[in-house]
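Remarks on the overall topology
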Amino acid sequence: MAKVANQPLFPLPFLVFFVLSIIFGFGITLSKAVSQTRYYKFEVDYMFWSPDCVENIVLGINGTFPGPPIRANVNDTVVVEVINNLSTEGVVIHWHGILQRGTPWADGTASISQCPINPGENFTYEFKVDKPGTYFYHGHFGMQRAAGLYGSLIVDLEEGKKEPFQYDEEINLLLSDWWHTSIQEQEVGLKSNPMRWIGEPQVVNYVHIDN
Ligand SMILES: [Cu+2]
């Protein structure tokens, strides 16, 4: 009788397994809890803008050029509803550098991964960002990127993680060639016979992205 009463209620291996499963289970729950869904709404339209003090017709998003920066952490899901407010052109947005694992339909390449979004219509991109880095997004239909349809896409490490190097400051710059001629004029020139070369850009545009 005494021997039976001294036996522990749960054997040691069971207790170890129980404690470990609580620790790891909690860890997995925590890591899931920190990944977020980042929602954006992009309304695309032509507008007057003076990127280098010379007024031009520029493709803007939500009335601004370049488009709003997208900022997310690794393992976040990015959701962007794109509304095409152009009168006569389709539009798509490509997320440059994003692997699109499991979401090839969200790659944003006209006539490859999707039909262009028709004027007055909308399309919602949804994809996971699984690699940290400084990326950008841009129009991928006709010459719309050259008209200014682009913006910054920055993927930071998961919250609480640190890069394995030291630095004093983070400065994000968005650089782009900029021509004063319209993309329509550039396109007709490039298609002409003899071809009319677009020449050197008038300026290298740069925009400082606030962190
Ligand atoms: Cu690209």
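Here, every reference points to the structure presented above.
No experiment lies behind these values; they were computed from the predicted model shown.

**Examining the overall build of the protein**
In terms of regular secondary structure, the protein is built from 3 helices and 10 strands. Intrachain contacts of the protein at a sequence separation of at least 6 include 68% that bridge at least 24 residues. As displayed, the protein offers around 13,400 Å² of accessible surface, 59% of which is attributable to carbon and sulfur atoms.

**Brief notes about the pattern of salt bridges**
Applying the stated criterion across every chain yields a total of 6 salt bridges. Residue aspartate 130 is joined to arginine 101 by a salt bridge in which the shortest nitrogen-to-oxygen separation is 2.9 Å. Residue aspartate 130 is found in the loop between β6 (122–128) and β7 (133–139), and its partner arginine 101 is found in the loop between β5 (93–96) and β6; the two are separated by 29 residues along the sequence. For aspartate 130, a relative accessible area of 28% translates into the label partly exposed. Owing to a relative accessible area of 62%, arginine 101 belongs among the exposed residues under this scheme. Note that glutamate 187 is salt-bridged to lysine 191, the shortest N-O span being 3.7 Å. One end of the pair, glutamate 187, and the other, lysine 191, are both in helix α3 (residues 183–191), 4 residues apart, so they sit about a helical turn from each other. Since its relative accessible area comes to 33%, glutamate 187 is described here as partly exposed. The exposure class assigned to lysine 191 is exposed, which follows from its relative accessible area of 64%. A cluster of three or more residues bridged by salt bridges with shared partners is formed by Arg71, Asp156 and Glu170.

**Some details on the sheet that holds strand β1 (residues 37–49)**
Ordered in space as β2-β1-β4-β6, the 4 strands form an open sheet in which the pairing is mixed. Each of the sheet's edge strands pairs with one partner strand only, and the pair in question is β2 (56–61) and β6. On average, each strand axis in the sheet is inclined to that of its neighbour by 20 degrees, with strand direction left out of account. Bridge count between strand β4 (residues 77–84) and β6: 7 bridges; the pairing is antiparallel. Paired with valine 79 across the two strands is glutamate 126, which belongs to β6.

**Some remarks on the coordination of the copper ion**
Donor atoms from the polypeptide that coordinate the copper ion comprise His96 (ND1) and His138 (NE2), at 1.9 to 2.0 Å from the metal. Note that histidine 96 is positioned in strand β5 and histidine 138 in strand β7, a separation of 42 residues in sequence. For histidine 138, a relative accessible area of 9% puts it in the buried group.

**Section: the sheet that holds strand β8 (residues 150–156)**
Reading across from one edge, β3-β8-β7-β5 is the order of the 4 strands in this open sheet, with mixed pairing throughout. Of all strands in the sheet, those with a lone pairing partner are β3 (67–73) and β5, marking the two edges. For this sheet, the mean angle separating the axes of adjacent strands, direction not counted, is 20 degrees. Pairing of β5 with β7, which is carried by 4 bridges, proceeds in the antiparallel orientation. Residue isoleucine 93 lies in a different strand from β7, and its bridge partner there is glycine 139.

**A look at the packing of aromatic side chains**
Taken as a whole and judged by the stated rule, the model has 9 aromatic pairs. Where phenylalanine 65 meets tyrosine 150, the ring centres are 5.7 Å apart and the plane angle is 75 degrees; that geometry is what we call edge-to-face. Note that phenylalanine 65 is positioned in the loop between β2 and β3 and tyrosine 150 in strand β8, a separation of 85 residues in sequence. Across the pair, exposure class does not vary: phenylalanine 65 and tyrosine 150 are buried alike. Relative to tryptophan 178, the ring of phenylalanine 65 lies with its centre 5.4 Å away and its plane at 45 degrees, an arrangement referred to as tilted.

Definitions and limits used
- Residues numbered from 1 in each chain as written.
- Predicted model: local features only at pLDDT ≥ 70, side-chain atom pairs only at ≥ 80, totals over all residues.
- Heavy atoms only, no water.
- Helix = DSSP H or I, 4+ residues; strand = E, 2+ residues; numbered from the N terminus.
- Contact = heavy atoms within 4.5 Å.
- Areas by Shrake-Rupley, 256 points an atom, 1.4 Å probe, with all protein chains shown as cover.
- Salt bridge = Lys/Arg side-chain N within 4 Å of Asp/Glu carboxyl O.
- Buried < 20%, exposed > 50% of the residue type's maximum accessible area, 1.4 Å probe, protein only.
- Pairing = 2+ DSSP bridges.
- Axes fitted to C-alpha atoms, helices over the stretch in contact; angles between N-to-C directions.
- Donors = N, O, S within 2.8 Å, 3.2 Å for Na, K, Ca; no water.
- Phe/Tyr/Trp six-rings, centres within 6.5 Å; stacked < 30°, edge-to-face > 60°.

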